[in-house]
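# Fold and contact review
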Amino acid sequence: MFDKKNSDKVMDFCNKHDVKLSTSYDPRGRFNKGQLEIFLENVETFKDYIRNVSIVTTSQNVQTIIKSNDKSTFDYLYKNFPVDFDAYMPSPLIKTDSKLIPKDSELLAFNKYLIDNYPECENMDAFHDPLNQTGAMMCTRGNSITIQPDGSSPGGCCGVAYQRDKKTGETPFETGDMVEKFLKKYNCFECEYYENCPFTCFVKADMPGDHNDMEECVFKETFNYVKKTKGFKPKRDGEDDLSYGFRQKVKML
Ligand code: SF4
Ligand code: SF4
């Protein structure tokens, strides 16, 4: 837990450099009761500085959020901060990690659950509020920097290791044909939701495995669900620069 002296130091730093904090929550694997109390105390201490709470969509987290009878911590976070869910990228160093990848059908069920119960989660914006999204792919892991207690900073997410091992390009950050493969597979350029689509983590989508268990794309099915249940109207009609959204999206990779 942060004592007063150290928390003041962090707040001074944030004030001086106009920095906001991102914290992550894991409803399943991270905290015992005592650790959860410390986490919540820290969150309260830094409440005014926290920009968002990010949660990784492991299969276990998804199931816990849907099925748990006690959602008090998640409800508290949702009520007080923007909450966002990032794609889960398994570490190449831990073989069992791939078991944490949710199936696409599981992700679709989760998206529907969020739309019905927690629609203000930031990763749901694009699906139900075409006026309130940037047309850009979202991933808090690619947009934040982690600083360890010793001052070091880990070099990006596991997606970089996947690209490096698979040699998708001359440098680990080159996506090679991954994006094109995805767009062709789901025929994105013909999709009525193209301009609104937040897309996926293309690195995760490229990973082989039995998590790819749907013919149709998760995002399209989520848009269809919102259209059917809430009357979503795609932004594409009348849009004069159809390439804008996509340029914003690929800029993130
Ligand atoms: S590869 Fe990029 S988009 Fe995918 S999880 Fe990592 S940072 Fe996010
Ligand atoms: S909804 Fe699916 S098919 Fe449509 S643009 Fe998005 S990813 Fe492509």
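Scroll up a little and you will see the structure.
Heads up: these notes are all about the structure in this document. Because the structure is predicted, anything quoted here is derived from the model rather than measured.

## Re the pairing of strand β3 (residues 83-86)
The two faces of β3 match: Val 83 and Phe 85 on one face and Asp 84 and Asp 86 on the other face are all buried. Bridge analysis of strand β2 (residues 50-56) against β3 gives 4 bridges, and the strand direction is parallel. Opposite Val 56, over in β3, you have Asp 86 as the bridge partner.

## Side note on the packing of aromatic side chains
By the definition in use, this model includes 19 aromatic pairs. Where Phe 127 meets Phe 219, the ring centres are 6.3 Å apart and the plane angle is 10°; that geometry is what we call stacked. Of this pair, Phe 127 sits in helix α6 (residues 125-128) while Phe 219 sits in helix α10 (residues 218-230), placing them 92 residues apart in sequence. Take Phe 127 and Phe 219: they sit in the same class, and that class is buried.

## A word on the site of ligand 2
Around ligand 2, the neighbouring residues are Phe 182, Tyr 186, Cys 188, Cys 191, Tyr 194, Cys 197, Phe 199, Cys 217, Phe 219 and Lys 220. Classifying every residue of the shell around ligand 2 by side-chain character gives 9 nonpolar, no polar and 1 charged.

## A word on the packing of helix α3 (residues 59-67) against helix α5 (residues 104-117)
Closest axis-to-axis distance for the α3/α5 pair is 10 Å, and the angle between their directions is 35°. Two packed elements cross with a definite hand, and for α3 against α5 that hand is left-handed. Where α3 approaches α5, its residues Ser 59, Val 62, Gln 63, Ile 65 and Ile 66 are matched on the opposing element by Glu 106, Phe 110 and Tyr 113. For the contact of α3 with α5, the residue count by class is 5 nonpolar, 2 polar and 1 charged.

Thresholds applied
Residues numbered from 1 in each chain as written. Chains lettered and ligands numbered in written order. Predicted model: local features only at pLDDT ≥ 70, side-chain atom pairs only at ≥ 80, totals over all residues. Heavy atoms only, no water. Buried < 20%, exposed > 50% of the residue type's maximum accessible area, 1.4 Å probe, protein only. Helix = DSSP H or I, 4+ residues; strand = E, 2+ residues; numbered from the N terminus. Pairing = 2+ DSSP bridges. Phe/Tyr/Trp six-rings, centres within 6.5 Å; stacked < 30°, edge-to-face > 60°. Near = heavy atom within 4 Å. Nonpolar A, V, L, I, M, F, W, Y, C, P; charged D, E, K, R; others polar. Axes fitted to C-alpha atoms, helices over the stretch in contact; angles between N-to-C directions. Left-handed = near helix turned anticlockwise from the far one by under 90°. Contact = heavy atoms within 4.5 Å.

Nothing here speaks to function; it is geometry throughout.
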